[in-house]
Amino acid sequence: MNILKQALNGITGGKVLDVASGEGEFIKTLVGNLRRYAELIGIDTFQYTKAAGSIFYAEDVRFIQMDAKRLGFSDESFDTVSISNSLHHLENIPQCIEEIKRVLKPGGHLIIKEIHRDIQADPQLNEMYLHHWVAEIDSAFGDYTHNKTFTRQEIVDFVKGLDLSNVLFYDISNTNLDPMDEAVIRENEKIIDRYIQYAYTARLPDYKKLRQRGEELRQRHHEVGTQWEPELIIVGEKQ
Ligand SMILES: C[S@@+](CC[C@H](N)C(=O)[O-])C[C@H]1O[C@@H](n2cnc3c(N)ncnc32)[C@H](O)[C@@H]1O
């Protein structure tokens, strides 16, 4: 059984909130892996795009445009709350975590999934460098939070204050992925091209240096390949 299945199969979701759901990738994972769920709501500050339409038009999955800093839900109104690969996108993590705690019922499950930078393989460094380069360009625009990848311990520390019970940690190393997978390398090259173009169009003062780093990243992708960064899943119950 894969680790995600192992983490989610035992959870009866009930009424589920997925925070910062983006285009709903993790919602697909929840739909496919939770033991059961009654209703699923995804929230994000961005309006969802057409790509997510197939998920959010499903009868039991809804999307609401909302800020995680001020969740418009009553106290203790969800049986499960999840947040996947979005902690490093939040402007005020403690405030969002407090909100998540407020809307979660006692005994309800919190599921956190987040990439981290306790890297185990050289190709993963490439993915991390790319992520940091993208985050730097996103941040230069000023209106979008995109932090560097956290360490595993930093993620654990964010959750400590929640005083959860029955906490389980699942580590996904991702070192089994083929680092020279041409499709993945091609996708990353498209990201590099897109971000060089953003930096150019926005006339970022460091454009030349950013472009040079982008080209070095492209080169490294061809030399050592790339592998998704390791991920930590934390599942715990609110006391
Ligand atoms: C990496 S993406 C989402 C990934 C998604 N959870 C998944 O698993 O596919 C990060 C998301 O965080 C959202 N975000 C950032 N700050 C937010 C906030 N304060 N409230 C809600 N969403 C936020 C962004 O709009 C973006 O869609």
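One can find the structure itself at the top, above this paragraph.
Residues numbered from 1 in each chain as written. Predicted model: local features only at pLDDT ≥ 70, side-chain atom pairs only at ≥ 80, totals over all residues. Heavy atoms only, no water.

1. Describing the site of the ligand
Stated formally: A cutoff of 4 Å decides nearness: a residue is near a molecule or strand if any of its heavy atoms lies inside that distance of it. The term polar contact refers here to a pair of N or O atoms within 3.5 Å; inside protein, the definition further demands a hydrogen-donor-capable atom paired with an acceptor-capable atom, and it admits residues adjacent in sequence only when both atoms are side-chain atoms. Working definition of accessibility: Shrake-Rupley area with a 1.4 Å probe, residue cover restricted to the visible protein chains. Amino acid classes used here: Ala, Val, Leu, Ile, Met, Phe, Trp, Tyr, Cys and Pro are nonpolar; Asp, Glu, Lys and Arg are charged; the rest, including Gly, are polar.
Close to the ligand lie 16 residues, the nearest being Glu25, Asp44, Asp67, Ala68 and Ser84. Here a nitrogen atom of the ligand sits 3.4 Å away from a polar atom, N or O, in the main chain of threonine 45. Here the ligand, which alone exposes 610 Å², has 84% of that area covered by the protein. Taken together, the residues of the shell around the ligand break down into six nonpolar, seven polar and three charged.

2. Digging into the packing of aromatic side chains
Between two aromatic rings, the relevant description is the distance of the centres plus the angle of the planes. Quick note on the threshold: Stacked, edge-to-face and tilted labels apply to pairs of Phe, Tyr and Trp rings (six-membered ring for Trp) whose centres lie within 6.5 Å, assigned for plane angles under 30 degrees, over 60, and everything in between, in that order. Secondary structure elements are defined from DSSP: runs of H or I of at least 4 residues count as helices, runs of E of at least 2 residues count as strands, and each element is numbered from the N terminus. A 1.4 Å probe rolled over the protein chains alone gives each residue an accessible area, and that area as a share of the maximum for its type sets the label: buried under 20%, exposed over 50%, partly exposed in between.
Per the stated rule, a full pass over the model turns up seven aromatic pairs. Arranged with centres 6.0 Å apart and planes meeting at 15°, the rings of phenylalanine 46 and tyrosine 144 form a pair that is stacked. Here tyrosine 144 lies in the loop between α5 (122–140) and α6 (152–160) and phenylalanine 46 lies in the loop between β2 (39–44) and α3 (53–56), a separation of 98 residues in the sequence. Between tyrosine 195 and tyrosine 198 the ring centres are 4.8 Å apart and the planes differ by 75°, which places this aromatic pair in the edge-to-face class. Separated by three residues within a single helix, tyrosine 195 and tyrosine 198 lie in helix α7 (residues 182–201), roughly one turn from each other. Relative accessible area serves as the criterion here: at 35%, tyrosine 198 is assigned to the partly exposed category. In textbook terms, an aromatic cluster arises when at least three aromatic residues are bridged by ring pairs, as seen for Trp133, Phe141, Tyr195 and Tyr198.

3. Concerning the sheet that holds strand β3 (residues 61–65)
Pairing between the strands of a sheet is mediated by backbone hydrogen bonds and can be parallel or antiparallel. Cut-off, in case you're wondering: At least two bridges found by DSSP between two strands are what make those strands a pair. Axis definition: a line fit to C-alpha positions, over the contact stretch in the case of helices; interaxial angles, taken between N-to-C directions, run 0 to 180 degrees. Any two residues whose heavy atoms approach within 4.5 Å are treated as being in contact.
Pairing is mixed in the open sheet, where seven strands are placed in the order β3-β2-β1-β4-β5-β7-β6. Sheet topology places β3 and β6 (165–172) at the edges, where each strand pairs with a single neighbour. Across the sheet, the mean angle from the axis of one strand to that of its neighbour is 15°, orientation sign disregarded. Of the strand pairs in this sheet, strand β4 (residues 78–84) and strand β5 (residues 104–115) are connected by six bridges, and their pairing is parallel. Within β5, the position partnered with isoleucine 83 by the bridge is isoleucine 112. Here helix α4 (residues 93–103) sits on the sheet in contact with β1 (15–19), β4 and β5, set at roughly 145° to β5. Contacts from α6 reach β5, β6 and β7 (231–237) within the one sheet, and its direction differs from that of β7 by about 15°.

4. Examining α6
Where we set the bar: In this description, the arc belongs to the directions extending from the helix axis to the C-beta atoms.
When we look at burial in α6, the residues that qualify are Ile155, Val156 and Val159. End-on, the buried residues of α6 take up no more than an arc of 100°, which puts them together on one face. Taken together, the buried residues of α6 touch β5, β6 and β7.

5. Comments concerning unusual backbone geometry
With a phi close to 50°, glutamate 76 is a non-glycine residue in the positive phi region. Look at glutamate 76 and you get partly exposed, because its relative accessible area is 42%. One non-glycine residue, aspartate 163, lies in the positive phi region at around 55°.

6. Topic: the side chain of threonine 80
Tracing the chain through its elements places threonine 80 in strand β4. Here the side chain of threonine 80 touches glycine 13 through a polar contact of 2.8 Å, landing on its backbone oxygen. What threonine 80 contacts, discounting residues up to four positions off in sequence, is Ile11, Thr12, Gly13, Lys15, Val16, Leu17, Leu104, His109 and Ile111.

7. Brief notes about the nonpolar core
Basically, it comes down to this: Each nonpolar core is a collection of buried residues, namely Ala, Val, Leu, Ile, Met, Phe, Trp, Tyr and Cys, held together in the definition by side-chain atoms within 4.5 Å.
Residues Leu17, Val19, Ile43, Phe73, Val81, Leu87 and Leu110 are the most contacted members of the largest nonpolar core, which totals 30 residues. Elements with a contribution of two residues or more to this core: β1, β2, β4, α4, β5, α6 and β7. Sorting elements by how many residues they give to this core places α4 first, with five residues. Setting aside residues no more than four positions away along its own chain, valine 81 makes contact with Leu17, Val19, Ile100, Val103, Leu104, His109, Leu110 and Ile111.

8. Re α7
Just so we agree on the cut-off: Here a helix's expected span is defined as the number of its residues, less one, multiplied by 1.5 Å.
Under the 1.5 Å per step criterion, the end-to-end length of α7 is 28 Å for 20 residues, consistent within 8% with the ideal 28 Å. Here α7 has its buried residues at Ile185, Asn188, Glu189, Ile192, Tyr195, Ile196 and Ala199. Viewed end-on, α7 has its buried residues packed into an arc of 130°, placing them on one side of the element. In this fold, the buried residues of α7 make contact with α5 and α8 (207–224). Taking the backbone nitrogen of alanine 183 as reference, a side-chain oxygen 3.0 Å away marks aspartate 181 as the first, capping residue of α7. Note on α7: the residue one or two positions beyond its end, arginine 203, has a positive phi of about 50°.

Geometric values such as these leave the question of function open.
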